[in-house]
Amino acid sequence: MAYFTNGIAFIGAIGNMTAYKMKGTDKIIVRSKGGASKAQIKHSPGFERTRENNTEFGGCSYASKAIRQVLFPVKHLADYNFTSTLTKLAKHIQLQDKVGDRGQRSILLSRHSYLLDGFQLNKKNTFDYVVRHPAGCFIERETGSAEIQLPALNPGFNLVAPWQYPFFRFIITFGMVADVVCKESNYQSQEKLLLPTTAHTEWQPVKQDFEAQRIVLQLRDLAELDDTKTLLVGIGIEMGMPITNEVIDVVKYAGCAKILATG
């Protein structure tokens, strides 16, 4: 290991040398490239555990992608890239598989969907911080429907909107996520893209009381629902700014969302 001196501020790779910064020092560290080759990682018996980990990580990525598809209508309300957090959560679910061999363990969301409940898409202003009275949700698998009960809200009491915009509305998404299983050393999820169902409330002035509402959503692809599918409801709050007397526009980078319930 060596250090750049005399004010050189290059970070990156040149030839077989790599320059980078490291916590604990303000100097730039230089080292020669090393480590195993791609061929060694792919074929060497010494990297069998690495191959198993890489394969299982791919399965977790599949599961994360499937969940994000249902959350897509509220994804724009996130204040950070929650994909890696979802992938970690999928890994936690994967570790619940005590039957599959290492490198082939399944992500059985249908058995552990409760671990997704309450997943927040925000770090700064979470949905539970803004809406301080829980929204109810009843999922009926037999009919492929979800009933969401939005609570009555009073500004400053159980509705605390930190964004300085005059209107808000709820947005709800409802869809299904398939289990991710390993077959012939490859992870597979649903092949068909299953689009979620969405609903919005009317725009509501932030400074006025919000009356309780009941919203019922129905799956788009009920025929696809079986025991390997998990139903998921996401909920979010969008903020709005009027651009005419009749039109309110969604404000970017303002709002919050979470996974409300699964079943």
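Structure: above.
Caption draft 1: The arrangement of the overall build of the protein in detail. Helix and strand counts for the protein stand at 5 helices and 14 strands. Buried residues in the protein amount to 41% of all 263 residues. Restricting the contact set of the protein to residue pairs at least 6 apart, pairs at least 24 apart contribute 71%. For the protein, the accessible surface area stands at approximately 15,200 Å², while carbon and sulfur atoms represent 51% of it.

Caption draft 2: Just the sheet that holds strand S5 (residues 136–140), in detail. Read across the sheet, 3 strands follow the order S5-S6-S12 without closing on themselves; strand pairing throughout is antiparallel. The open sheet has two free edges, formed respectively by S5 and strand S12 (213–218), since each of these has just one partner strand. The mean angle between the axes of side-by-side strands here comes to 15°, regardless of whether they run parallel or antiparallel. Note that strand S6 (residues 145–150) and S12 share 6 bridges and pair antiparallel. Along S12, the bridge assignment pairs Gln-149 with Arg-214.

Caption draft 3: Examining empty space enclosed by the protein more closely. Scanning the entire structure with this criterion turns up 2 cavities of 30 Å³ or more. The calculated volume of the largest cavity comes to roughly 40 Å³. Around the largest cavity, the lining residues are Phe-174, Gly-175, Met-176, Leu-194, Leu-195, Leu-219, Arg-220 and Asp-221. If you add up the space inside the second largest cavity, you get close to 30 Å³. Considering the residues around the second largest cavity, the lining is formed by Val-130, Leu-159, Ala-161, Trp-163, Phe-168, Val-206, Ile-237 and Met-239. Partitioning the lining of the second largest cavity into residue classes produces 8 nonpolar, no polar and no charged.

Caption draft 4: Quick peek at the pairing of S6. Where S5 and S6 come together, 5 bridges link them in antiparallel fashion. Its bridge partner lying in S6, Cys-137 is registered against Ile-148. Hairpin geometry of S5 and S6 is characterised by an intervening segment of 4 residues between the two adjacent antiparallel strands and by a positive phi of about 65° at Gly-144.

Caption draft 5: Region of the structure containing the side chain of Glu-238. Structurally, Glu-238 can be placed in strand S13 (residues 229–242). A distance of 2.8 Å separates a polar atom in the side chain of Glu-238 from a polar atom in the side chain of His-76. At 2.7 Å, the side chain of Glu-238 forms a polar contact with the side chain of Arg-169. Among residues more than four places away in sequence, those in contact with Glu-238 are His-76, Leu-77, Phe-167, Phe-168, Arg-169, Ile-171, His-200, Trp-203 and Val-250.

Caption draft 6: The pattern of salt bridges, seen in detail. This structure, assessed with the given rule, holds 4 salt bridges. Ionic pairing is found between Arg-214 and Glu-147, a salt bridge with its closest N-O pair at 3.2 Å. Taken together, the positions of Arg-214 in strand S12 and Glu-147 in strand S6 put the pair 67 residues apart, joining distant regions of the chain. For Arg-214, a relative accessible area of 54% puts it in the exposed group. Looking at Glu-147, the relative accessible area reads 29%, which means it is partly exposed. Asp-226 serves as the salt-bridge partner of Lys-229, at 3.4 Å between the closest nitrogen and oxygen.

Cut-offs applied
- Residues numbered from 1 in each chain as written.
- Predicted model: local features only at pLDDT ≥ 70, side-chain atom pairs only at ≥ 80, totals over all residues.
- Heavy atoms only, no water.
- Helix = DSSP H or I, 4+ residues; strand = E, 2+ residues; numbered from the N terminus.
- Buried < 20%, exposed > 50% of the residue type's maximum accessible area, 1.4 Å probe, protein only.
- Contact = heavy atoms within 4.5 Å.
- Areas by Shrake-Rupley, 256 points an atom, 1.4 Å probe, with all protein chains shown as cover.
- Pairing = 2+ DSSP bridges.
- Axes fitted to C-alpha atoms, helices over the stretch in contact; angles between N-to-C directions.
- 1 Å grid on protein atoms, 1.4 Å probe; cavity = no way out; pocket = protein on both sides within 12 Å on 5 of 7 lines; lining within 4 Å.
- Points joined across faces, edges and corners; volume = space filled by probe spheres on them.
- Nonpolar A, V, L, I, M, F, W, Y, C, P; charged D, E, K, R; others polar.
- Polar contact = N/O pair within 3.5 Å; in protein donor to acceptor, adjacent residues only side chain to side chain.
- Salt bridge = Lys/Arg side-chain N within 4 Å of Asp/Glu carboxyl O.

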